[in-house]
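Structural features, examined
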Amino acid sequence: MIQIENLSVSYQQTLALEDISLTIQGPTILGILGPNGAGKSTLLKAMLGLLPHSGSVQLDQVALTQSLQRVAYVEQKTAIDFHFPINVRECVSLGLYPQQSIFKRKTKADLQKVEDAMELVNVTDLADRQIGQLSGGQFQRVLIARCLVQEADVIFLDEPFAGIDSISEDIIMQTLQTLKKEGKTILIVHHDLSKVPAYFDHILLLHRKLIAYGKTEETFTEDNLQAAYGHELFIGGGIR
């Protein structure tokens, strides 16, 4: 269970998030929705303690910042260095380190976790390829594999489907559904409203303030979307 109480974030006297409070009961796949500048990525970073903020965030009644070994985070691809000299297998192996020392020799079981994760997201054939040689969709699958190896209880994903191919998106979504069945709680910053009913159990609508939060079938309504996005034109569940 994640409890957010009175979370606020300011940038140079500009309020980016104001007094966000909610409780997230897992397992679930939660979509975080809102227009550009609504504070979606800011919310994830504040919850992780990566941004100064007021208020509190707890994971099972312990400060989330004191339980980061239980959390996996994949930031937007644009914030990741594709040119770092590391191959796919090595990148996925980084998911082992929150649970052990970086200097500890990896066991046979550790190595098998890496291989199993790569197989699950269908990147085994890319294992020796440098990450800079991957397509956007392939690289996103590699980052999801790294989360699998970490065996985190909570997974934060910031725009994981932005700019990737449909095959990769389907593989990632199937993997996330499997993780939810295993008891994981997954928070996803997302922008494509047409996919919301199929992808998310719950949604959180933001526009600097909390607009609405709840089960998708109850919360993904035209009134709530208008409150979050204003008077933009909605076409077929998307925004123009």
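As the structure is a computational prediction, the values presented were derived from the model and not from experiment. (Residues numbered from 1 in each chain as written. Predicted model: local features only at pLDDT ≥ 70, side-chain atom pairs only at ≥ 80, totals over all residues. Heavy atoms only, no water.)

Things to note about the packing of aromatic side chains
Heads up, the condition is: Note on ring pairs: Phe, Tyr and Trp rings are taken, using the six-membered ring of Trp, and paired if centres are within 6.5 Å. Classes follow the plane angle, with under 30 degrees stacked, over 60 edge-to-face and the rest tilted. Helix and strand labels come from DSSP, where a helix needs a run of H or I of at least four residues and a strand needs a run of E of at least two; each type is numbered from the N terminus. Per-residue accessibility, obtained with a 1.4 Å probe over protein chains only, is compared with the maximum for each type, and a residue is labelled buried under 20%, exposed over 50%, and partly exposed between these values.
Inspection of the entire model under this criterion finds two aromatic pairs. A ring pair is formed by F161 and Y199, whose centres lie 5.5 Å apart and whose planes are at 55°; its orientation type is tilted. One end of the pair, F161, is in the loop between β7 (154–158) and α5 (166–181); the other, Y199, is in helix α6 (residues 196–199), and 38 residues separate them in sequence. For the residue pair F161 and Y199, the accessibility class agrees, reading buried in each case. Both rings, one in Y199 and one in F200, keep their centres 6.2 Å apart while their planes meet at 85°; by these two values the pair is edge-to-face. By relative accessible area, Y199 is classed as buried at 9%. We classify F200 as buried; its relative accessible area is 4%. Among the aromatic side chains, those forming a connected cluster through ring pairs are F161, Y199 and F200.

A word on the nonpolar core
Basically, it comes down to this: As used here, the term nonpolar core means buried Ala, Val, Leu, Ile, Met, Phe, Trp, Tyr and Cys residues forming a set that is joined through side-chain atoms within 4.5 Å. Any two residues whose heavy atoms approach within 4.5 Å at even a single point are treated as in contact.
If you look at the biggest cluster of nonpolar residues, it comprises 49 residues, and the most contacted ones within it are L33, V88, V92, L157, L176, I186 and L205. The element contributing the most residues to this core is helix α4 (residues 136–150), with eight residues. In contact with L205, not counting residues within four places along its chain, are L33, L210, I211, A212, T219, N224, L225, A228 and Y229. By size, the runner-up hydrophobic cluster in this structure holds 27 residues, among which are I2, L7, M47 and L187.

Considering unusual backbone geometry
Look at the link from G26 to P27: it is a cis peptide, with omega at 0°. In this structure, P27 sits in the loop between β2 (14–24) and β3 (28–33). Notably, N122 is not glycine yet its phi reads approximately 60°, a positive angle. Structurally, N122 is set in the loop between α3 (108–120) and α4.

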